[in-house]
Amino acid sequence: MTAVLFLMSGLGLFCAILNKTRGLFFFGGVTLAFSAIIAVEYISGLDFSIDQLFLEDYIHPETAHPGRPAPNTVLAFLCIGFAEILLGLNRKRQSDIVTATVEVIGFVVFVLGAHALGGYIQSVEIAYAWGTDTRMSIHTAISNAALGFGLLAISWSSQSKQIFKVPLWVPFIICFLALQVDLVAPPEIIASIVYIPLVFCSVWFILPRTAFTFAIIATLLAVLRYLLFPEVYMTEENMINRLLTIGAIWFVAILVFWQRVIDRKLERSENYLKSILDHTIEGLIVTDSHGTIKNYNRACEKIFGYTADEVIGKKVTMLLPPYYRKKYKRRIEDYLVDNKASGMIAMDREVEGLRKDGTSIPINVGVNEMRVEGERFFSGIVRDITKQKQAEAELLRSNTELERFAFVAAHDLQEPLRIVITSTDIFREECEKELSEQSLEFIVHAQNAAKRMRALIKDLLEYSRIDNEYQGCEPVSLTEIVNMALENLNFDIRKTGAQIQVDTEMPVVNGNPVQLLRLYQNLIGNSIKYRNKDIPPQIHIKAKKDGMHWILSVEDNGIGIEQEYLEKIFSPFIRLHTATQYPGTGIGLAMCRRIVESHKGKIWALSTVGKGSSIFFSLLDASAELSE
Ligand code: ADP
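Residues numbered from 1 in each chain as written. Predicted model: local features only at pLDDT ≥ 70, side-chain atom pairs only at ≥ 80, totals over all residues. Heavy atoms only, no water.

### Quick look at a negative patch on the surface
A contiguous patch of negative charge, built from Asp425, Glu429, Glu430 and Glu432, is present on the exposed surface. Summarising the element assignment, Glu430 is placed in helix α14 (residues 386-431). Under the relative-accessibility criterion, Glu430 is labelled exposed at 61%. (Patch = residues over 30% accessible without salt bridge, like charges linked within 9 Å, V, L, I, M, F, W, Y side chains within 5 Å. Areas by Shrake-Rupley, 256 points an atom, 1.4 Å probe, with all protein chains shown as cover. Salt bridge = Lys/Arg side-chain N within 4 Å of Asp/Glu carboxyl O. Lys, Arg positive; Asp, Glu negative; His and termini not counted. Charge placed at Lys NZ, Arg CZ, Asp CG, Glu CD. Helix = DSSP H or I, 4+ residues; strand = E, 2+ residues; numbered from the N terminus. Buried < 20%, exposed > 50% of the residue type's maximum accessible area, 1.4 Å probe, protein only.)

Right under this line is the structure:
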């Protein structure tokens, strides 16, 4: 019977390894059923005549129950059969509690075998003979220990490590060894102190209260001998001795519990932070002051193609193309040498990143310095701007195409227009006497329209040329530019009696002198043109520093602009007056906006109708780098 049960339970374990659930249920079930019947036989004293079902026992015919496995062997089979059924149930839906139970059962089976074996070695009969004349034989003891070990190994391999970080059998082995030491040590020795390592094992378990579970087990084991043989061991000295060690065990358990609670809190907040970082859309990289990557979130994995494991601990320069590496290193080194307080190092900087597949990718980076316990770290927010760059390139392409079209069209229209104007001039001169007054008026109308069209085309040409003309920038003194503009407008200024006041501190800015001259000339020209008829124009040209920028303005006391048009006037061909009221094409301010924007600045207007208007624009100071 023992051999059959070993065969069944062994095959069950094979099924567990091969993931055969039905086999597990079958072999585990058979083992459990037979061992349960034999257990009932032992407990009830009945005989169901299954002991010699397979074979007549001729080796021990003289024993009380020939052919029946020993009680401790039956207990081991009961445990194995039950564990195999549990393993079968656990295949579909993994439960950590079930896995842990299988682990405990495995340990019990192992201990039953190991204990009996120890009994044979030390000649302690009670260890292998439990009450009856049927004993667990040496080979059965070895097989039980092996099966127990098998169960331990199987349950460990299927653990998800949610409850504990080490196999359960480690504390159990400690527990077993400690018990052996405690049992053989003379009672006067504080041998139960060896259970303290068992309590320490609870640091490997996820739940802090495991410390108390182990403390309870340690307490029970420590008093086991005294409960079993009270009359021999329960002396006053021994009891004080034991109480002190139990006190020590619980003290350690409380300390471990406390520490685990703190650890858990830390782990939780760490996990919380990690999941925030992992779920942010922006990439985040943290490096130490040597450029070694410490943190790298999931968004970065998408941007660069490297996983966190592949980059953490490596230099951040691996994510930059070779030509950027030196520049980056220099920047960080300069920063560290400067020894500034923590803060922003770079904001919204467009650079290139290097992907795992070797391609480069446009990214926008913001780098910040932070200090943790005196150590300096750099955190970088990384954004993939491939799409934005593509859209910009597409916009540039279509704008360039449009400009080219406008330029060609305007250029080609000029010639036929010139012929129309000169031909009507000649026609008017030659036929003036023969034509009626009304016909002459028509010709003048046609000529005026043609001239207006010529002015429009000229402005359109200038407008489309702005970007083509813009080739880099140089430091330009705005005092000189404004003086030139005033010189060009000298005739209008004198004619209207305009008073012009220019700030003494006009700056030097980065820009294109030709375009800046056109800008000032347009703005001052408008202030003169849109003057109040009754009072002479007063124009104030101002400059004010604002960080790396200059806020410049041309302010007048003219007719003003209505609030709703303050934005619209910067669009091409938007005019608020007819050509007879105020001559013009409506392109001047559109041109100003293009000039300012090509200098990476902004332009806007403020006005009070009847009182005057102010046109503001910003330009970078000459000391600022335009293209970083
Ligand atoms: P244009 O002067 O050829 O009409 P602009 O683009 O220079 O074209 O100006 C657009 C419109 O903005 C003008 O028609 C005018 O109504 C208004 N405007 C521009 N500058 C001033 C100003 N300094 N004061 C009042 N209105 C102005």
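### A word on a positive patch on the surface
Together, Lys315, Lys326, Lys327, Lys329 and Arg330 make up a positively charged patch on the protein surface. Within the fold, Arg330 resides in helix α13 (residues 322-338). The exposure class of Arg330 is partly exposed, given its relative accessible area of 49%.

### Focus on the pattern of salt bridges
Counted by the stated rule, this structure contains 18 salt bridges. Note that Glu369 and Arg371 form a salt bridge whose closest N and O atoms lie 3.6 Å from each other. You can call Arg371 partly exposed: its relative accessible area is 39%. For Arg518, the salt bridge identified is with Glu462, shortest N-O distance 3.6 Å. Placement of the pair is Arg518 in helix α18 (residues 513-529) and Glu462 in helix α15 (residues 437-469), with a sequence separation of 56 residues. Looking at Arg518, the relative accessible area reads 17%, which means it is buried. The network of salt bridges with shared partners includes Glu41, Asp51 and Arg68.

### Describing the side chain of Thr140
Along the chain, Thr140 falls in helix α5 (residues 138-157). With a relative accessible area of 7%, Thr140 lands in the buried category. A polar contact of 2.7 Å, which involves the side chain of Thr140, links it to the side chain of Ser137. Non-local contacts of Thr140, meaning those with residues more than four positions away in its chain, are made with Thr2, Phe6 and Thr73. (Polar contact = N/O pair within 3.5 Å; in protein donor to acceptor, adjacent residues only side chain to side chain. Contact = heavy atoms within 4.5 Å.)

### Some words on the site of the ligand
For the ligand, the set of nearby residues contains 20 residues, the closest of which are Asn526, Tyr530, Arg575, Gly586 and Leu589. Within the contact set of the ligand, a nitrogen atom lies 2.9 Å away from a side-chain nitrogen or oxygen of Asp556. Contact between the ligand and Gly586: an oxygen atom at 2.9 Å from a main-chain N or O atom of the residue. Contact with the protein chains covers 97% of the free accessible surface of the ligand, which is 530 Å². For the shell around the ligand, the elements supplying multiple residues, two or more each, are α18 and α19 (588-598). (Near = heavy atom within 4 Å.)

### Let's talk about a nonpolar patch on the surface
Residues Leu7, Leu11, Phe14, Ile17 and Leu18 make up a contiguous nonpolar surface patch of about 530 Å² in total accessible area. Since its relative accessible area comes to 33%, Leu11 is described here as partly exposed.

### Quick look at the nonpolar core
For soluble globular proteins, the rule of thumb is that nonpolar side chains tend to be buried together. Ranked by internal contacts, the top residues of the largest apolar core, which has 42 residues, are Tyr520, Ile524, Leu552 and Phe617. Listing elements by their share of this core, those giving two or more residues are α15, α16 (478-488), α18, β9 (538-546), β10 (549-555), α19, β11 (603-608) and β12 (612-620). Residue contributions to this core peak at seven residues, all from α18. Ignoring sequence-local partners within four residues, the contact set of Ile524 consists of Ala485, Leu486, Leu489, Ile500, Ile539, Ile541 and Val554. Membership of the second largest hydrophobic core comes to 28 residues, among which are Phe6, Phe34, Ala39 and Ala83. (Core = buried A, V, L, I, M, F, W, Y, C linked by side-chain atoms within 4.5 Å.)

### With respect to helix α2 (residues 21-44)
Look at α2: 33 Å from first C-alpha to last across 24 residues, which is about the 34 Å you get at 1.5 Å a residue. Within the sequence span of α2, burial applies to Gly23, Leu24, Phe27, Gly28, Thr31, Phe34, Ser35, Ile38, Ala39 and Glu41. Packing partners of the buried residues in α2 comprise α1 (2-17) and α3 (71-92). One or two steps after α2, the chain reaches Gly45, where phi turns positive at roughly 80°. (Expected span 1.5 Å × (residues − 1).)

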